[in-house]
Each structure stands twice: as C-alpha cells, then as structure tokens.
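A look at the structure
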Amino acid sequence: MKVVPLSIPEVILLTPPRFGDNRGFFSETYNYDAMAKAGLTEPFVQDNQSLSRQKGVVRGLHCQLDPYAQGKLVRVTKGAIWDVAVDARTNSPTYGKWVAAELSAENWSQLWIPPGFLHGFVTLQEETEVLYKCTALYNKSSERSVKWDCPELNIEWPIDPQNAVLSEKDLAAPGFSAAKGWFSYNKG
Ligand SMILES: Cc1cn([C@H]2C[C@H](O)[C@@H](COP(=O)(O)OP(=O)(O)O[C@H]3O[C@H](C)C(=O)[C@H](O)[C@H]3O)O2)c(=O)[nH]c1=O
C-alpha cells in the first residue's frame, strides 16, 4: 500500500493496490496489518456512506468532541471529492492549517484524518459516493461544525461558492474561532 503523509504529517494519504483482470478488479480496501505498518492501529467501530447527487455538494466542516472524537478513513467508490482536513487541536503548531487531497474511484486513494481535525469535502462529480470508517460512534450532541468557507481558514476549494450545495446545518455553521478549546494537542 502506498503511504504518503501530507504537509500536516498526521493526515495520511493511503492507496491500496487494485488487482485488475478481464472481469474487473479486486482490492483489499482495509487491512489491519497494512494500516498498522503505516502507524494506524486505532480500531474502527462505524462505517459511513454518503451519496451526493450533484457536483459542488459541500459536506462539513464537521467533528465530534471528546470522548466521541472520530478518526476517519475516507474513500470514494463512485465519482470524486476534494477532501479537506483542518487541524483544530489548540496549541498544535499547525492549528488552523488545512490539507486536502483529491479522492476518486479512479485514483483509489484514501485519506486518514485523525481525531482533533475538522473534516469536509466538496464533490467534483455528480453521483459521488463516499465511504468512511470511524474510530468512534456517532454522537449527535458532541457534533460541532465550522463554516466551510471561513475566511480565517482560507481553504482553497476548487468550486465557485455560488454553486455550492449545502445542508441548512452547514449554512448556519460558525467561523473557525468557535473551535478554540475543542481539542488539545499532545506532542509525540
Ligand atoms: C454523521 C452521521 C449522521 N447521521 C444522520 C444524521 C442526519 O439525520 C443524517 C445526515 O447527517 P449529516 O447531515 O450530518 O451528514 P453529513 O453532512 O454528510 O455529515 C458528515 O459529513 C462530514 C464530511 C463528516 O466527516 C461527518 O462524518 C459527518 O458529519 O444522518 C447518522 O445517523 N450517523 C452519523 O454518523
């Protein structure tokens, strides 16, 4: 499996092999040993899947607070997304910084986003399906959101904000300054 830490090194781009033949392909999309070799041993307890019908659907920026903070392993089985992780760990040297990667059914890449990060994506194609494994269960009362296009974050989304499709919840999200104190940064 190809393992590439991004410029915030706790966020990791992983690409498992895909074996094609005349019938199609086979891929181990999750393998504990392969992930452990990449330093990722937190167990997953929930799988999620979302379908976004249009290009330009923005979901996020979301997280859950401790003790329900979620690590997420995100992949795309149909279409493509621009997947974004924002460091929300107060006192982290990369607090308020973001990294992103294009995940698609074509490139077969996955993004590991640790607990303590905000997560969001925008779809780059219609009918995009996103699957992600989580290290903690859904806990609605611990959910928090931050505005996807908050000027404090200055995320370079590859879409015209006029064309973004968002939920009411995401349209009403506060700016990143609301995240102060949500997570602490533990060095090492
Ligand atoms: C997240 C979640 C939601 N739901 C229910 C709650 C709502 O009735 C419905 C849609 O939820 P929401 O609008 O929060 O879905 P997204 O906007 O796709 O949220 C996700 O988008 C970003 C990208 C994420 O990383 C999170 O996993 C998650 O927040 O599913 C559940 O039953 N379980 C869950 O784990």
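How each quantity is defined
Residues numbered from 1 in each chain as written. Predicted model: local features only at pLDDT ≥ 70, side-chain atom pairs only at ≥ 80, totals over all residues. Heavy atoms only, no water. UniProt positions renumbered as here; feature names shortened; annotations may be inferred. Helix = DSSP H or I, 4+ residues; strand = E, 2+ residues; numbered from the N terminus. Buried < 20%, exposed > 50% of the residue type's maximum accessible area, 1.4 Å probe, protein only. Contact = heavy atoms within 4.5 Å. Polar contact = N/O pair within 3.5 Å; in protein donor to acceptor, adjacent residues only side chain to side chain. Near = heavy atom within 4 Å. Areas by Shrake-Rupley, 256 points an atom, 1.4 Å probe, with all protein chains shown as cover. Nonpolar A, V, L, I, M, F, W, Y, C, P; charged D, E, K, R; others polar.

Turning next to the UniProt feature "active site" (unreviewed entry) in the protein. Here the UniProt feature "active site" (unreviewed entry) sits at H62 and Y132. The largest pairwise C-alpha distance within this set of annotated residues, which runs over 71 residues, is 13.7 Å, so the set is compact in three dimensions. Within the fold, H62 resides in strand 6 (residues 58-64). Its relative accessible area of 18% is what places H62 among the buried residues. Residues in contact with H62, not counting those within four places in the same chain, are K72, F117, L118, H119, R144, S145, K169 and D170. Here the side chain of H62 touches G60 through a polar contact of 3.5 Å, landing on its backbone nitrogen. Tracing the sequence through the fold places Y132 in strand 13 (residues 128-134). Among all residues touching Y132, those that are not within four sequence positions of it are Q46, D47, N48, K72, L73 and V74.

Looking at the ligand, the residues that line it are Q46, N48, R59, H62, K72, H119, F121, Y132, Y138, E143 and K169. Contact between the ligand and Q46: an oxygen atom at 3.0 Å from a side-chain N or O atom of the residue. Between the ligand and K169 there is a distance of 2.7 Å, counted from an oxygen atom to a side-chain nitrogen or oxygen. Protein chains bury 65% of the 650 Å² of accessible surface belonging to the ligand in isolation. Every element with two or more residues in the shell around the ligand is listed here: strand 5 (46-52), strand 6 and strand 12 (117-123). A breakdown of the residues in the shell around the ligand according to their chemical character gives 3 nonpolar, 4 polar and 4 charged.

This paragraph deals with the environment of Q64. For Q64, the position within the fold is in strand 6. With 118 residues separating them in the primary sequence, Q64 and W182 have C-alpha atoms 9.2 Å apart. Those residues in contact with Q64, other than ones at most four positions away along the chain, are A69, Q70, L137, Y138, N139, S142, E143 and F183. Only 3.0 Å separates the side chain of Q64 from the backbone oxygen of L137, close enough to count as a polar contact. Side-chain polar atoms of Q64 contact the backbone nitrogen of N139, separated by 2.8 Å.

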